[in-house]
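# Fold and geometry: a report
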Amino acid sequence: MGSPRVVIIGAGIVGTNLADELTARGWDRVTVVDQGPLPLTGGSTSHAPGLVFQTTSSKTMTALASYTVEKFLSLEVDRQWCFNQVGGLEVATTEARLAELHRRQGWATSWGVAGRIIDPQECAKLHPLLDPTRILGGLYVESDGLAKAARVVVALARRAQSGGAVFQGLTKVIGIEHSGGKVTGVATPAGVIPADIVVSCGGFWGPDLGALIGMDVPLLPLAHQYAKTHQIPELVGRNTELSEAGFPILRHQDQDLYFREHVDRLGIGSYAHRPMPVDLGELPDGEITADAMPSMLTFTKEDFAPAWEQCKKLLPCLETATIDTGFNGIFSFTPDGGPLIGESRDVAGFWIAEAVWVTHSAGVARAVAQLLIDGRSEVELHGCDVHRFEQVQLDPDYVSETAQQNFVEIYDILHPLQPRESPRDLRVSPFHARQEKLGAVFLEAHGWERPQWFEANAALVDQLPTVWQPPARDEWSAMFHSPIAAAEAWRTRTAVALYDMTPLKRLEISGPGALALLERLTTGTMDKSIGSVTYTLALDATGGVRSDLTVARLSEDTFQVGANGNLDLDYFRRQAPSDGSAAVRDITGGTCCIGLWGPRARDLVEAISRDDFSNEGFKYFRSKQVRIGGVPVTAMRLSYVGELGWELYTSAENGLRLWDVLWTEGQRHGIIAAGRAAFNSLRLEKGYRSWGTDMTTEHNPFEAGVGFAVRSQKGEFVGRSALCGISDETVDRHLSCLTIDDRRTVVMGSEPVFLDGAPVGYVTSAAYGHTVGAPVAYAWLPATAGVGTSVEIQYFDRRIAATVVAEPLVDPEMKKIRS
Ligand SMILES: Cc1cc2nc3c(=O)[nH]c(=O)nc-3n(C[C@H](O)[C@H](O)[C@H](O)COP(=O)(O)OP(=O)(O)OC[C@H]3O[C@@H](n4cnc5c(N)ncnc54)[C@H](O)[C@@H]3O)c2cc1C
């Protein structure tokens, strides 16, 4: 049998790249259809200025960009370049931006892209239109440059055609055909094109294409201004029509601007204007030419005027220049800025790859080709998966507001903990009213309000014993932080605290096929006694960690799964047997959870329950149905902070009462409510990993330090064969625990780590360890960097000394948690 029939909707940079990636892998029955003419379809690609800056805070996005650079460099059309590697220069005009550029340089180093901070003179030497007196420095990445998107699509289409692909312009897709939950083709005015797989690469038309099968595509088309000057005397004679540009592409993020040369003119992109959402029903129609197409709206000069003044300040040659042409070009923005990749939940074989920049296009296309052919992308994609969003985040008003916010903040300096200001209060736990009264400072995640610390605990800071007193922090790490976290950590380790664990995703997997499903998808033994709780992993076929889970067997056929997010729900639902013998239900919203942790937890709960909470009667990693103060509770003896205690689950309507009975009795035991800042510190001291930050599908369990959760002897499960022969001893990298020698410096994550002066890894999670009195960081390092190895972490413009230490830092004998 030949390869499956694939129809790709959209011949822009994404669709064409995908056709190329598929045909390169031998799939030769690929048809690319586009409503516009070929090769200039009228989509965003047709007018893209093509600046490729690779560095972002995301390892994945940077990897997708780096592959794009590598691939485009290898292409040409009739001996003309597809990638002009002129380099990328981002300049700072404020001290804050200069510091941010140092941070960005750190990310580049972490993700393997060479970049350096240069002084104003060197910036001006590289880009002589710059006035060095107006800048403080820059970040220069030599491998960045210009993609000629309109030429790339020609090069790739030719190559894909020689591999069997067919390109069909002026063919609008008006329907998606499907039968029995599987895609069967696309409908066009000329008839149906049959297909086994359909991939929508429709760019900002994505929501309309998704609507054809009822799939939410959470992106917003927004207009963004791009203008070209008349001839600039300083550029005359520098470039040829062929080379187009010779200076690095330039970003002036302090004013939301970027620049490139167009032979002897300058092109200027501006995000400095109001967000301009576009209604897909109001796109220009008519003949498509280089200057008129559906993705180009009329230039609104008044929106550009303030930006133009800023351009003149940065580049003095513009003082006498004038704007020749401009347009408001349309492209996609999403709630979190990431692309949208994935398969429909309802119609198997219908995929999307949208909200993708030219910068990431080849990387995304390769990832999709690998997903289709191998079932797995070599670059891990959890931040790109279209199913990462919760239901409330798919609402069009939410998408519109958050996407516009992303447009506004596109070049802003954003702190990793900085929460969005609006929309807020979308999802609150039953304890919310009590938390507000205690002065909770809420941060936001997936629509949930999550207390970071409680102002009500402020008075405890003065009571902290000397060894618990946290050092003063620098300005950056002090943001969205309070020393109150130290007091909350202290009380958790010495008395008892309530943690609101409600926002953590909970699934119920039930039915006669539930056990077999869990046995197949996880690394642990699931066929244990009722009441058992298991920490386990879900792996992909190559042994990469796709999630870590806590599975409680509540009855013969009912399991409660503590999961990491919507991607777990999506995975378990897709994997559930089609005969309906295992039901997968998201029970997060209908239930709630309190983590009751600390050495006094047992005293507290025993005082208000008739159930047996003794060490013998309620063992570690067991669950029981109990009543606490009259509230029916599923209690699990687990602790993510490394103290004695229980996770107490109840249905949502009982939540407030559960909080109140614990709080009232807790007064005799020194109870406090504690937030995520303390939680994160305590879990790092205990060495507990956070999936998505510390480990992903890029890592196998032994590298990530969770090999203990793999029970290969239990029989077959997804990923088992890939782990054959792999152990803690054979892996060549480790997620390692570090303490930072200077106790005043708390890093934030993603910083590069140096060994003997060379970058060898990067920080995943970090926090001040209040119990151990030192900043703690987890980092990916070569396995040779064993305990005692001295390393350095780059924090902004300096390197700080750190040491690899044995983990966990607190209670390695598990005495506290097990007694
Ligand atoms: C002014 C401006 C400047 C930009 N600058 C940069 C930059 O410097 N660097 C960068 O990386 N990115 C930049 N971008 C973003 C970049 O251009 C886009 O993200 C990218 O081109 C999107 O590619 P695509 O293939 O997903 O979409 P498109 O190129 O829009 O292709 C989608 C295709 O789908 C087709 N289609 C839609 N609906 C249907 C249907 N029903 N039937 C058949 N065909 C259909 C369309 O005709 C279109 O050809 C810029 C965007 C703008 C607007």
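The structure contained in this document is the topic of the report that follows. Predicted, not measured: the structure shown is a model, and the values here were computed from it. (Residues numbered from 1 in each chain as written. Predicted model: local features only at pLDDT ≥ 70, side-chain atom pairs only at ≥ 80, totals over all residues. Heavy atoms only, no water.)

### Considering the overall build of the protein
In terms of regular secondary structure, the protein is built from 20 helices and 43 strands. Here the C-alpha atoms of the protein give a radius of gyration of 28 Å, agreeing with the 28 Å that 2.2 N^0.38 yields for 819 residues. Principal-axis analysis of the C-alpha atoms places the extent of the protein at approximately 85 × 65 × 50 Å. By residue count, 60% of the 819 residues in the protein fall in the buried class. A total accessible area of about 30,900 Å² is found for the protein, and carbon and sulfur atoms account for 50% of it. Averaging the coordinates of the 74 positive side-chain charges in the protein and doing the same for the 99 negative ones gives two points 5 Å apart. (Helix = DSSP H or I, 4+ residues; strand = E, 2+ residues; numbered from the N terminus. Rg over C-alpha atoms; globule rule 2.2 N^0.38 Å. Buried < 20%, exposed > 50% of the residue type's maximum accessible area, 1.4 Å probe, protein only. Areas by Shrake-Rupley, 256 points an atom, 1.4 Å probe, with all protein chains shown as cover. Lys, Arg positive; Asp, Glu negative; His and termini not counted. Charge placed at Lys NZ, Arg CZ, Asp CG, Glu CD.)

### Things to note about the site of the ligand
As a structural note, the neighbourhood of the ligand is formed by 35 residues, with Asp34, Thr41, Thr45, Val356 and Thr359 the closest of them. Side-chain polar atom of Asp34 to an oxygen atom of the ligand: 2.6 Å apart, as the coordinates give it. Thr41 places a polar side-chain atom, nitrogen or oxygen, 2.6 Å from an oxygen atom of the ligand. Relative to its unbound accessible surface of 1,000 Å², the ligand loses 98% to contact with the protein. Broken down by secondary-structure element, the contributors of at least two residues to the shell around the ligand are helix H1 (13–24), strand S16 (220–229), strand S22 (323–333) and helix H8 (358–374). Here the shell around the ligand takes 4 residues from S22, the largest share from any one element. Taken together, the residues that form the shell around the ligand break down as 18 nonpolar, 15 polar and 2 charged. (Near = heavy atom within 4 Å. Polar contact = N/O pair within 3.5 Å; in protein donor to acceptor, adjacent residues only side chain to side chain. Nonpolar A, V, L, I, M, F, W, Y, C, P; charged D, E, K, R; others polar.)

### Structural notes on the packing of aromatic side chains
Applying the stated criterion across every chain yields a total of 27 aromatic pairs. Taken together, a centroid distance of 6.1 Å and an interplanar angle of 50° make the contact between Tyr226 and Phe327 tilted. Of this pair, Tyr226 sits in strand S16 while Phe327 is found in strand S22, placing the two residues 101 residues apart along the sequence. Comparing Tyr226 with Phe327 shows no difference in burial state: the two are buried. Relative to Trp659, the ring of Phe431 has its centre 5.2 Å away and its plane inclined at 25°; by these criteria the two rings are stacked. One end of the pair, Phe431, is in the loop between helix H9 (396–408) and helix H10 (432–437); the other, Trp659, is in helix H17 (residues 652–666), with 228 residues separating them in the sequence. Under the relative-accessibility criterion, Phe431 is labelled buried at 0%. Here Trp659 falls in the buried class, since its relative accessible area comes to 2%. (Phe/Tyr/Trp six-rings, centres within 6.5 Å; stacked < 30°, edge-to-face > 60°.)

### Examining unusual backbone geometry
With omega at -5°, the peptide bond leading from Leu38 into Pro39 counts as cis. If you trace the backbone, Pro39 turns up in the loop between strand S2 (30–33) and strand S3 (51–52). The residue after Ser422, namely Pro423, is reached through a cis peptide bond having omega -5°. In this structure, Pro423 sits in the loop between H9 and H10.

### Topic: the pairing of strand S26 (residues 448–454)
Most of S26 sits inside the fold, with 6 of its 7 residues counted as buried. Summarising the sheet, strand S25 (residues 440–445) and S26 pair through 6 bridges and their orientation is antiparallel. The residue bridging Glu444 from the neighbouring strand is Glu449, located in S26. Connecting S25 to the next strand, S26, in antiparallel fashion are 2 residues, including His446 with a positive phi near 50°. (Pairing = 2+ DSSP bridges.)

### Comments concerning the side chain of Lys71
Within the secondary structure, Lys71 sits in helix H2 (residues 59–73). Classification of Lys71 as buried rests on a relative accessible area of 5%. In this structure, Lys71 is in contact with Asn17, Asp20, Glu21, Leu156, Arg159 and Ala362, ignoring residues within four places of it in sequence. (Contact = heavy atoms within 4.5 Å.)

### With respect to the sheet that holds strand S32 (residues 583–586)
Strand order in this open sheet of 5 strands is S29-S30-S31-S28-S32, and the pairing throughout is antiparallel. The sheet is open, and its two borders are formed by strand S29 (533–539) and S32, each paired with just one other strand. Each adjacent strand pair in this sheet contributes to an overall mean axis angle of 30°, direction not counted. The sheet contact formed by strand S28 (residues 506–510) and S32 spans 4 bridges and is antiparallel. In the strand pairing of S32, Leu507 is matched with Asp586. (Axes fitted to C-alpha atoms, helices over the stretch in contact; angles between N-to-C directions.)

### Notes on the pattern of salt bridges
Two side chains that carry opposite charge are able to pair once their charged atoms sit near each other. Tallying each qualifying case throughout the model produces 47 salt bridges. Glu698 is the partner of Lys59 in a salt bridge, and the nearest nitrogen-oxygen pair spans 2.6 Å. With a gap of 639 residues between them, Lys59 in helix H2 and Glu698 in the loop between helix H18 (676–685) and helix H19 (701–704) connect regions that are remote in the sequence. Note that Lys505 and Glu390 form a salt bridge whose closest N and O atoms lie 3.0 Å from each other. Note that Lys505 is positioned in the loop between strand S27 (496–500) and S28 and Glu390 in the loop between H8 and H9, a separation of 115 residues in sequence. (Salt bridge = Lys/Arg side-chain N within 4 Å of Asp/Glu carboxyl O.)

### Notes on the side chain of Thr55
Counting through the fold element by element, Thr55 comes out in the loop between S3 and H2. With residues up to four places along the chain from it excluded, the contact list for Thr55 reads Thr62, Arg104, Trp107, Ala108, Val113 and Val141.

### Remarks on the sheet that holds strand S6 (residues 83–84)
Judged by pairing direction, the sheet is antiparallel, and its 3 strands sit side by side in the order S3-S10-S6 without closing on themselves. Edge positions in the sheet fall to S3 and S6, since each of these pairs with one other strand and no more. Two elements, S6 and strand S10 (residues 145–147), share 2 bridges in a ladder whose sense is antiparallel. Its bridge partner being in S10, Asn84 is matched across the sheet by Leu146.

### A short note on the nonpolar core
Core analysis: the largest hydrophobic core is formed by 49 residues, its most contacted members being Ile8, Leu18, Leu22, Phe72 and Val199. Secondary-structure elements contributing two or more residues to this core are strand S1 (6–9), H1, S2, H2, helix H5 (149–162), strand S15 (197–200), strand S24 (350–354) and H8. Among the elements that take part in this core, H8 stands out by supplying 8 residues, more than any other. (Core = buried A, V, L, I, M, F, W, Y, C linked by side-chain atoms within 4.5 Å.)

### Quick word on H8
Here H8 is 17 residues long and its end C-alpha atoms lie 24 Å apart, about the 24 Å a rise of 1.5 Å per residue gives. One or two positions beyond H8, positive phi appears at Gly375, with a value near 80°. (Expected span 1.5 Å × (residues − 1).)

### What about the pairing of S27?
In terms of burial, S27 is largely enclosed, as 5 of its 5 residues are buried. Neither face of S27 is open: one carries Val496, Leu498 and Asp500, the other Ala497 and Tyr499, and all of them are buried. Where S27 meets strand S37 (residues 671–674), 4 bridges bridge the pair, whose relative direction is parallel. Following the sheet pairing, Val496 is matched in S37 by Ile671. Summarising the sheet, S27 and strand S33 (residues 591–597) pair through 4 bridges and their orientation is antiparallel. Counted as the bridge partner of Ala497 is Trp597 from S33.

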